[in-house]
Amino acid sequence: MLNFIKRQPAARIIAFGFLMVILIGSALLMLPFAIKDDVELNYIDALYTSTSAVCVTGLIAVDAGDTFTGFGQAVIATLIQIGGLGVTTIGAGVIILLGKKINLKGRTLIREGSNYTSLKGTVKLIRDIFITTVIFETIGAILSFIVFVQDYPISQAIAISIFHSIAAFNNSGFDILGNYQNLIPYQTDILLNLVTCFLIIFGGLGFLVIREVLGKRFKWRKFSMHTKVVLVVTLFLLTSGTILIKVSEQNISWLGAFFFSVSARTAGFSTYSLATFRSASLLIIIILMFVGASPGSTGGGIKTTTLFVLFQGIKSAATNKQEKAFKYSVPKDAFKKAAVITLLALFLVITSTYLIMMLDPNVAFIDALFEMTSAFGTVGLSTGITPDLSIGSKIISILMMYIGRLGPLTIATLWYFSRGENIKYPDGNIAIG
């Protein structure tokens, strides 16, 4: 069995690894001492919770604070951490701690899982990822504790702060405050809002970008094209998202609009009830969720770089000029890959939305579309329909979260790998547009 797994392509091993962690997590959440007294939990909801945690989504069929004990909540936090860093990264970290060397197959897995372009410096990359994670989550927990200790006993405030910091940095919208309230009680707390946004933004930038920004001491001219694209698109989405949400939803504050603009990019925390939002506001959030975070980060979506390459390709086709940015030319195959990813993502979201409305006829179109985009983007925001979905709809949502975490292109290539074609065919004529 082990030899069979070793012979599989990297994408299949990564997909299998995530699946195994999800199944183990669901089994642990079903243990009697993981569930609070007088609370009944069926397996589909445990599986849903485990999938949502491993895929760093945050969609919940049951409230984590009301349903699970301290042990169960620790399991969820661990699953979020594994899902955010990646199964291969966690495995490689354990190997390094044991003092063993990572072979070529292991380095390939890490490269695939982290969107790293080279096999060189893999061990150093893993160490940097762990160190970065510890630093950000520690700072986040300390600052969050300042807020939570005002409302909870010290021991409980520590637990909530650690859980919140892990969930925020890994772009997972889980909370353990109970009563499905998420961060609504803290919608006016400037410190917690900004700390949460800080963790989400840096978690969504990607470890390679953070590494480069810190390593080159914030000197813009020394940044690679990838880092510049990620930073520019992220800033554009945060700014435009904040303005559009505030314009369409005037009852919330500018802080609330900024928070949703940040959180919609795969985090899933909410400081206002989305059930009261206008359709225009929900549409803006759907677009932000669909785009998502950046490659190599803890977030999902089609990614900021995909959006950038798409616009560059369209601009190039319209102006008949070379695709370029920041004094670099865009790689030739980048637009084709970006277009494939976007079309696959659109197909998945539209198809799953249709299936949800067929299985649950009472669910409104905007709510179903919002739910499935949130699942695909591994966001976790919801208009409140998740707990009431049928078993069939929950299974579809589970599949969407799984696909969203791995990426639609990875899923599409799981069962087919080709060395390419040696035969060339003459060009045909086809009218476009």
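Before reading further, recall that the structure is shown in the block above.
The present account deals with the structure reproduced in this document. Since the structure is predicted, the reported quantities are computational estimates derived from the model, not experimental observations. (Residues numbered from 1 in each chain as written. Predicted model: local features only at pLDDT ≥ 70, side-chain atom pairs only at ≥ 80, totals over all residues. Heavy atoms only, no water.)

With that settled, the discussion passes to the packing of helix H16 (residues 334-359) against helix H17 (residues 365-376). Closest axis-to-axis distance for the H16/H17 pair is 9 Å, and the angle between their directions is 135°. Taken as axis vectors, H16 and H17 run oblique relative to one another. The interaxial crossing formed by H16 with H17 has right-handed handedness. Here H16 contributes Ala-345, Leu-348, Val-349, Ser-352, Thr-353, Ile-356 and Met-357 to the contact with H17, which in turn contributes Phe-365, Ala-368, Leu-369, Met-372, Thr-373 and Phe-376. Among the residues forming the contact of H16 with H17, the class breakdown is ten nonpolar, three polar and no charged. (Axes fitted to C-alpha atoms, helices over the stretch in contact; angles between N-to-C directions. Helix = DSSP H or I, 4+ residues; strand = E, 2+ residues; numbered from the N terminus. Parallel < 35°, antiparallel > 145°, perpendicular 65-115°, else oblique. Left-handed = near helix turned anticlockwise from the far one by under 90°. Contact = heavy atoms within 4.5 Å. Nonpolar A, V, L, I, M, F, W, Y, C, P; charged D, E, K, R; others polar.)

By the secondary structure assignment, Phe-71 is in helix H5 (residues 70-85). By relative accessible area, which is 34% here, Phe-71 ends up partly exposed. C-alpha of Phe-71 to C-alpha of Phe-33: the two residues are 38 residues apart in sequence and 7.2 Å apart in space. (Buried < 20%, exposed > 50% of the residue type's maximum accessible area, 1.4 Å probe, protein only.)

Between its first and last C-alpha atoms H16 spans 37 Å; for 26 residues at 1.5 Å apiece the expected length is 38 Å, and the two agree. Where H16 is concerned, the buried positions are Ala-338, Ile-341, Thr-342, Ala-345, Leu-348, Val-349, Ser-352, Thr-353 and Ile-356. (Expected span 1.5 Å × (residues − 1).)

Attention shifts here to the nonpolar core. Formed by 114 residues in total, the largest nonpolar core has its most connected members in Ile-76, Ile-80, Ile-285 and Leu-381. With eight residues, the top contributor of residues to this core is helix H14 (residues 279-291). Sequence-distant contacts of Ile-80, defined by excluding residues within four places in its chain, comprise Ala-53, Val-56, Phe-163, Ile-166, Ala-167, Asn-170, Ser-172 and Phe-174. (Core = buried A, V, L, I, M, F, W, Y, C linked by side-chain atoms within 4.5 Å.)

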